[in-house]
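# Breakdown of the fold
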Amino acid sequence: MHDGGRPVLEVQGLKTVFRVRGGEIHAVNDVSFDLKPGELLGVVGESGSGKSVTMMSLLGLLPSPPAEVRDGKVLLDGQDLLKTDEDTLRDIRGGKVGFIFQDPMTSLNPVFTVGYQIMEPLRKHMGMDKKAAKARAVELLELAGIPGAEQRLSDYPHQFSGGMRQRVMIAIALACDPKVLIADEPTTALDVTIQAQIIELMKELRQKLGMAVIWITHDLGVIAGIADRVIVMYGGQVVEHAPVRELFGNPQHPYTKALLKTVPSVRGERVRRLTIIEGQPPILGAPPSSCPFRDRCGSAVDECARRNPSRTLIGKGHDVACVMVEQKEAAHA
Amino acid sequence: MLDAAPSKKPLVEVRELKMHFPIYAGLLRRRVGEVKAVDGVSFDIIEGETLGLVGESGCGKSTCGRAVLRLYDLTSGSIRLEGKEIGPAPQAALRDMRPRMQMVFQDPQASLNPRMTVQAIIQEPLDEHTTLSTKEKQQKVYELMDAVGLNRRFAGRYPHAFSGGQRQRIGIARALALNPKFIVCDEPIAALDVSIQAQVVNLLEDLQEQFGLTYLFISHDLSMVRHIATRVAVMYLGKIVELAPREALYSAPLHPYTEALLSAVPEPDPSLEAKVERIILQGDVPSPANPPKGCNFCTRCPKVMDICREVEPETREVRPGHFAACHLHEITSQTAGKTAAQKEANERQHGE
């Protein structure tokens, strides 16, 4: 449904490295994806898979040192963010690109009122005066579904519940009509009933405002309900990318398959025993020269140790980085 | 396998358990109220079963689990473990019972002493409660490490050298050290990655079979509880609102809160997900320091009636083994009873 437009955001060959004592950690290895106007891109992966670091790298949000974005292009409306100066980047953060973080308690400043924190981007980025900013702030809080918006402007973050705080974060992120909204595990810290409220709200807001969203999560259930397209990350790279129904209906990478099987459902068949993925996710001291999932993969072959497979297109908008899939495709062609 | 066979005796019997925490305020730190974290819960845990305890954060499920192990001094209530009353007993008198009941904590990072080796951590309960020789203890620690799938070679390492899943295994080995009957697992998988969660859950299931353990499995993850539990209790604001065998609870929940909770769980299958009818609850959980009058859920309940705001519903057995505390089911079962009686009377009249 969003196939038409030119992408608002294009990431090509992004590499991020952390310098640590005694070496380097290659957190993001050659990640590429694009984001079309109005679409919701889900990013799934376990902790340490590089999903948050990728998004932080886009806007230069990682402290350097130790982080270093070593390679790649991040094109926002054709402008390469990795080559722009800090001032321009600051304008873009909270302006064209909004951010929502996982923990609403630590991402709001406890010593300023919520009103002040919403008005800050409005005054800085949009140049509004105090009165206009206040009116807009009330509008935003109402949009985010906070009852009694006008009175609550003078409240501090601790006076809000977890769900309400996340609504405040959403209001702040939406303040300057962003083209792209990056939501990093926005519902992970919330209870299921509150999570359902926030997901409903996000669906509604997308329809109303039409911004493109990148939604990072480890919860496959959340992704199934809201995403248009999904990228699955493992060991700092994209291992599978597909439209949401295709990914869940026809997963091809052994990691995606295994991940889908380890999660029990509250509605479907109940399995007697959970399928497990043996071992741990890798820590990459060097750019991987072999498939990062090799050690935990049930169907690994010798070839997997020899090289790191690149992403192969296997269907409409569906690509996979797996040696086995490559070989199958080659046999077909 | 369905509902725990009624012939089996309960291992743990909890009656009217209350755990209130005082709130002090003002200059003189006067007692101004109390947080009713657990406010009169009753349940049995049958030997060999896993009772799942679910609810949102702040509903009192962890406090309940800790209170059952008498990690707190109770406000009131009775707890019987293997028939022995431990509710009002002073802490010193509980020492003999401690080896029978153990706990696995949520955060494997915080529940292991970073200055102790794995060997020392797993051995500590043995030091406290047994008179084994050093060599015997060493042997026992190795056996426990084998049982939970840790490599013996790592006995001399410190917790920081292990991953989250492995740390949780250390915590489980420590809980098993004294051959307990009953283990409270307080969110044992919440801090772990998805692919590691399944490893730990499978381990818990294996150990249950191997050692004949009984679990109280506390979690907010409804899909995992459906996998592991025999029966499930749902808590809301310090009270158990519904308790039923697993399948009955998930396929036909009786309490509106359970319904809403289950409907809110996202479905990792887009075709099923599209069919889910979500019940979106409005607002947040009220403060347990000041619960609403009547039913605790009346402020958010989509099916609220006038009576709910006045009278607290009693827990009743709506179907065999399926308990719910909701006025909806009092009324339906009463009217059902009434109509049945009327029908019978009518038939009798007609017959005459």
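Sequence order sets the numbering: in each chain, residues are counted from 1 along the sequence as written. To label them, take the chains in the order written and letter them from A, then take the ligands in the order written and number them from 1. Residue-level local features of this predicted model are given only where pLDDT is at least 70; pairs of side-chain atoms are given and counted only at 80 or more, and the full residue set underlies all totals for whole chains, interfaces and linings.

### Concerning the nonpolar core
- Counting residues in hydrophobic clusters, the biggest one holds 190 residues, and the most contacted among them are A:Ala171, A:Val180, A:Ile214, B:Ala173, B:Leu216, B:Phe217 and B:Val234.
- In terms of residue count, the dominant contributor to this core is helix H7 (residues 162-174) of chain A (eight residues).
- Once C-beta atoms have been placed from the backbone, residue pairs whose C-beta atoms lie within 7 Å are recorded as contacts. Excluding anything up to four places from it in sequence, B:Phe217 contacts B:Thr50, B:Leu51, B:Gly52, B:Leu53, B:Cys185, B:Val225, B:Ile228 and B:Ala229. We define the nonpolar core as any set of buried residues of the types Ala, Val, Leu, Ile, Met, Phe, Trp, Tyr and Cys, connected via C-beta atoms lying within 7 Å of each other. Residues are called buried when their C-beta atom has 20 or more other C-beta atoms within 10 Å, exposed when it has 12 or fewer, and partly exposed otherwise; all C-beta atoms are positioned from the backbone. Working definition: helices are DSSP H or I runs of at least four residues, strands are E runs of at least two. Numbering for both runs from the N terminus.

### Quick look at the pairing of strand S9 (residues 229-234) of chain A
Residues and elements named next belong to chain A.
- Across the six residues that make up S9, a large majority, six, are buried.
- Of the two faces of S9, both are covered, the one formed by Arg-229, Ile-231 and Met-233 as well as the one formed by Val-230, Val-232 and Tyr-234.
- Summarising the sheet, strand S3 (residues 40-44) and S9 pair through four bridges and their orientation is parallel. In the strand pairing of S9, Gly-42 is matched with Val-230.
- As paired elements, S9 and strand S10 (residues 237-243) share six bridges and run antiparallel to each other. Note on S10: the bridge partner recorded for Ile-231 is His-241. In this scheme, strands are said to pair when DSSP sees at least two bridges between them.

### What about the environment of A:Phe18?
Residues and elements named next belong to chain A.
- Position of Phe-18 relative to the elements: it lies in strand S1 (residues 9-20).
- Judged by the 18 C-beta atoms lying within 10 Å of it, Phe-18 is partly exposed.
- Separated by 114 residues in the primary sequence, Phe-18 and Ala-132 place their C-alpha atoms 43 Å from one another.
- Apart from the residues lying within four places of it in its own chain, the contact partners of Phe-18 are Glu-24, Ile-25, Ala-27, Pro-66 and Ala-67.

### Some points on helix H4 (residues 114-126) of chain A
Residues and elements named next belong to chain A.
- Compared with the 18 Å implied by 1.5 Å per residue over 13 residues, the 18 Å span of H4 between its first and last C-alpha is a close match.
- Looking at H4, one finds that the buried residues are Val-114, Gly-115, Gln-117, Ile-118, Met-119, Pro-121 and Leu-122.
- Contact partners of the buried residues in H4: helix H5 (130-143), helix H6 (149-152) and H7. Each residue after the first adds 1.5 Å to the expected span of a helix.

### Describing the interface of chain B and chain A
- Taken residue by residue, the interface counts 33 residues in chain B and 37 residues in chain A.
- For the side of chain B that touches chain A, the secondary structure elements donating two or more residues are helix H6 (194-211), helix H7 (222-228), helix H9 (256-264) and helix H10 (270-273) of chain B.
- For the side of chain B that touches chain A, the per-class residue count stands at 17 nonpolar, eight polar and eight charged. Gly counts as polar in this scheme, as do all residues outside two lists: the nonpolar Ala, Val, Leu, Ile, Met, Phe, Trp, Tyr, Cys and Pro, and the charged Asp, Glu, Lys and Arg.

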